Amino acid sequence: MPLAKTTSTVSAAAPATTTAAVVSLPKSSRNFVTDTLSPNLRALAARVIPPFIMLVLIFGVWQILCMKPGATLPSPSRIWADAKDLIVDPFFVAGPQDIGLGWRVMTSLQRVAVGFGLASVVGVLVGAIIGQSIWAMRGLDPIFQVMRTVPPLAWLPISLAAFRDSNPSAIFVIFITSIWPIIINTAVGIRNIPQDYRNVAAVVRLNQLEFFWKIMIPSAAPYIFTGLRIGIGLSWLAIVAAEMLTGGVGIGFFIWDAWNSSRLSDIFVALAYIGVVGFVLDRIVAFVANIATRGAQAS
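In this text the structure is predicted, and so the values were computed from the model without any measurement.

Moving on: the overall build of the protein chain. When you go through the protein chain residue by residue, the secondary structure sums to eleven helices and zero strands. N-terminal to C-terminal, the α/β element order of the protein chain is α-α-α-α-α-α-α-α-α-α-α. Among the 299 residues that make up the protein chain, the fraction classed as buried is 33%. The long-range fraction of contacts in the protein chain, counting pairs at least 24 apart against all pairs at least 6 apart in sequence, stands at 67%. Accessible area of the protein chain: about 19400 Å², with a carbon and sulfur share of 68%.

Attention now moves to the pattern of salt bridges. Opposite charge on two side chains permits pairing when their charged atoms draw close. In total, this model carries six salt bridges according to the counting rule given. Among the ionic pairs, arginine 111 bridges to glutamate 243, the shortest N-O distance being 2.8 Å. Placement of the pair is arginine 111 in helix α4 (residues 101–132) and glutamate 243 in helix α9 (residues 208–246), with a sequence separation of 132 residues. The two residues arginine 111 and glutamate 243 agree in class, both being buried. In this structure, arginine 229 and aspartate 282 form a salt bridge, with 2.8 Å as the shortest nitrogen-oxygen distance. Taken as a pair, arginine 229 in helix α9 and aspartate 282 in helix α11 (residues 264–293) lie far apart in primary sequence, 53 residues in all.

Judged by side-chain polarity, Leu37, Leu41, Leu44, Val48, Ile49, Phe52, Ile53, Met54, Val56, Leu57 and Ile58 come together as a nonpolar surface patch covering roughly 1000 Å² of accessible area. When you line up the elements, leucine 41 lands in helix α1 (residues 32–66). Judged by its relative accessible area of 48%, leucine 41 falls in the partly exposed class.

Quantified by volume, the largest pocket comes out at close to 530 Å³. Every residue lining the largest pocket is counted, 14 residues in all, and those nearest its centre are Leu55, Phe59, Ala272, Tyr273 and Val276. Elements that contribute at least two residues to the lining of the largest pocket include exactly α1, α2 (76–82) and α11. Counting residues per element, the lining of the largest pocket draws most heavily on α11, which supplies seven residues. When its residues are assigned to classes, the lining of the largest pocket shows 14 nonpolar, no polar and no charged.

Glancing now at the packing of α4 against helix α5 (residues 134–147). The contact between α4 and α5 brings their axes to 6 Å, and the two run at 125°. Our classification of the angle between α4 and α5 gives oblique. From α4, Val126, Ile129, Ile130 and Gln132 reach across to α5, where they touch Ile134, Ala136, Met137, Leu140 and Phe144. Split by residue class, the contact of α4 with α5 holds eight nonpolar, one polar and no charged.

Grouped together as the largest cluster of nonpolar side chains are 57 residues, with contacts concentrated most on Leu101, Trp236 and Ile251. Where this core is concerned, the elements lending two or more residues are α4, α5, α7 (166–191), α9, α10 (251–260) and α11. The biggest single contributor to this core is α9, with 15 residues. Those residues in contact with tryptophan 236 that sit more than four places away from it in its chain are Val105, Ser108, Leu109, Val112, Ile251, Ile274, Val277, Gly278 and Leu281.

What follows deals with the side chain of threonine 186. Position of threonine 186 relative to the elements: it lies in helix α7. Engagement of the side chain of threonine 186 in a polar contact is seen with the backbone oxygen of isoleucine 182, the distance being 2.6 Å. Excluding its chain neighbours within four sequence positions, the residues that come into contact with threonine 186 are Gly123, Val124, Gly127, Ala128 and Ile224.

Next up on the list: the packing of aromatic side chains. Here the structure, examined in full by the defined rule, presents six aromatic pairs. Considering the side-chain rings of phenylalanine 59 and tryptophan 62, the 5.7 Å spacing of their centres and the 20° angle between planes classify their relative orientation as stacked. With phenylalanine 59 and tryptophan 62 both in helix α1 and three residues apart, the pair spans about one turn of that helix. Owing to a relative accessible area of 40%, phenylalanine 59 belongs among the partly exposed residues under this scheme. An angle of 50° between the planes, with centres 5.8 Å apart, marks the rings of phenylalanine 163 and phenylalanine 172 as tilted. On the basis of relative accessibility, which here comes to 22%, the residue phenylalanine 172 falls in the partly exposed class.

Reading the values: rules and limits
Residues numbered from 1 in each chain as written. Predicted model: local features only at pLDDT ≥ 70, side-chain atom pairs only at ≥ 80, totals over all residues. Heavy atoms only, no water. Helix = DSSP H or I, 4+ residues; strand = E, 2+ residues; numbered from the N terminus. Buried < 20%, exposed > 50% of the residue type's maximum accessible area, 1.4 Å probe, protein only. Contact = heavy atoms within 4.5 Å. Areas by Shrake-Rupley, 256 points an atom, 1.4 Å probe, with all protein chains shown as cover. Salt bridge = Lys/Arg side-chain N within 4 Å of Asp/Glu carboxyl O. Patch = residues over 30% accessible without salt bridge, like charges linked within 9 Å, V, L, I, M, F, W, Y side chains within 5 Å. 1 Å grid on protein atoms, 1.4 Å probe; cavity = no way out; pocket = protein on both sides within 12 Å on 5 of 7 lines; lining within 4 Å. Points joined across faces, edges and corners; volume = space filled by probe spheres on them. Nonpolar A, V, L, I, M, F, W, Y, C, P; charged D, E, K, R; others polar. Axes fitted to C-alpha atoms, helices over the stretch in contact; angles between N-to-C directions. Parallel < 35°, antiparallel > 145°, perpendicular 65-115°, else oblique. Core = buried A, V, L, I, M, F, W, Y, C linked by side-chain atoms within 4.5 Å. Polar contact = N/O pair within 3.5 Å; in protein donor to acceptor, adjacent residues only side chain to side chain. Phe/Tyr/Trp six-rings, centres within 6.5 Å; stacked < 30°, edge-to-face > 60°.

Quick look at the structure:
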């Protein structure tokens, strides 16, 4: 029998439409002064304030000890009074030999640049040969170890006899003094190249020149720059000592001339110039080393 259809109307309640509330995010509280400038200033103060305090203490003790009558060394106030022109105007020119300490330092730096540049090129090449060849190391390393102990001024008479001129003689003294740490550190760096690098170079069949530029130099760079930092310091020491005897207008001859003229205040000012320039040279080489080696240090 037919079923009766029953239709029932189901009324479903329509869902209520709700509007999403827009929540505003809190504004960033980043501040250039508090987030960037202040930490940098604190870091700078941590580097500058301790040396400044030590300098003040050193100069204070120096002033107290040397301000008494009959003191053999001049006090800082006396140095300022006697050599003020050398301090405030380092680039004056009053004559061929009467020039400021700034020009004298520049003259010495020119000689250092030539001598140290030659030592860097020759030292890296010779060090690479010694580090790569066991027979070259056995034959040359003992000789280099002996020659590097010779004081810089001991080479000066030989260089004067060979070149017959003071300028190339001073450059040779710089060269022969600074080359040894470059050779030794480069050789150590080459000998410490991982064997995996050498295996890769053999697989890709690099020639000797490609192996030198792509494997040896990058791998030994921390050791090479360690030698360069030592070499630049020895170069600056050597040029000052050599100029005391060869003459000219360099900073070394200025110290010797001031001693002969009993100008002790000028000598102290020149020593300050030498120390600051030596520090700057070391920082320059260290900065270049940090970029070239990406912060890696020789172990």
